[in-house]
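# Chains, contacts and geometry: an overview
Here is how the chains run, residue by residue.
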Amino acid sequence: MQIMKYTFQQHGDERGMLVAVEELKDIPFEIKRIYYVYDTKDGVRRGYHAHKSLEQILICVHGSCKILLDNGKEQKEVLLEKPYEGLYVPNNMWREMYDFSEDAVLLVLASSYYDKEDYIRDYQEFVDYVWNLEKEIGQDICEGK
Ligand code: T46
């Protein structure tokens, strides 16, 4: 499983730093929604779901946190701790977020509006969904993602 992390250009001068992210230039989709997670309590693990069609970029703009990505066959852990790095999370990918530092702010750029129906919240259902999709289209849907 290939992890896709973007390193955004940093514009720095004596005043400090600035990072800009433009849709379809710096990231591969149009941005329909932005949300952020902060003030996460000690020991909390969030996520535990996959999306059928949503794509996202996760940026820990302050502090640090870890992301577990799971494509139904393989799992990888990614540490986010740089405000100029974005982790691409494609559709059909289980995710869990944990080990948030006290000051962590996790910013998310999303390709679609909020849609409860796009979530798969049961892990076995997710695995079955991915296997069935692969059977239907006859190839590894997570290849290259
Ligand atoms: C994801 C990870 C990285 C809304 O009303 N609108 C929204 O756009 C979102 C994202 C959430 N909500 C509500 C739904 C729940 O009542 O906010 C509450 C917390 O959402 P949730 O439990 O889904 O949060 P996480 O941190 O488990 O997951 C979120 C996103 O939902 C999800 O798409 O990929 O962050």
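Preceding this paragraph is the structure being described.
Described in the following lines is the structure provided in the data block. These numbers were taken from a predicted model, which means no experiment stands behind them.

Rules used throughout
Residues numbered from 1 in each chain as written. Predicted model: local features only at pLDDT ≥ 70, side-chain atom pairs only at ≥ 80, totals over all residues. Heavy atoms only, no water. Helix = DSSP H or I, 4+ residues; strand = E, 2+ residues; numbered from the N terminus. Rg over C-alpha atoms; globule rule 2.2 N^0.38 Å. Expected span 1.5 Å × (residues − 1). Buried < 20%, exposed > 50% of the residue type's maximum accessible area, 1.4 Å probe, protein only. Arc of directions from axis to C-beta. Contact = heavy atoms within 4.5 Å. Polar contact = N/O pair within 3.5 Å; in protein donor to acceptor, adjacent residues only side chain to side chain.

## Points about the overall build of the protein chain
Per the secondary structure count, the protein chain includes 1 helix and 12 strands. The C-alpha radius of gyration computed for the protein chain amounts to 16 Å, which stays within 12% of the reference 15 Å derived for 145 residues, consistent with globular compactness. Reported as C-alpha extents along the three principal axes, the dimensions of the protein chain are approximately 55 × 35 × 25 Å.

## What about helix α1 (residues 123-137)?
For α1, spanning 15 residues, the distance from its first C-alpha to its last is 21 Å, which sits close to the expected 21 Å at 1.5 Å a residue. Those residues of α1 that fall on the buried side of the exposure criterion are Phe 126, Val 127, Val 130 and Glu 134. For α1, the arc enclosing every buried residue in end-on projection is 100°, short of the 170-degree limit, so these residues lie on one face. Counted as exposed and oriented over 90 degrees from the buried face of α1: Lys 135 and Glu 136. The elements touched by buried residues of α1 are β5 (46-51), β7 (65-70), β10 (94-98) and β12 (119-120). Measuring from the side-chain oxygen of the N-cap residue of α1 to the backbone nitrogen of Gln 124 gives 3.3 Å; that N-cap residue is Asp 122. After α1 finishes, the residue Gly 138 shows a positive phi value of roughly 70°.

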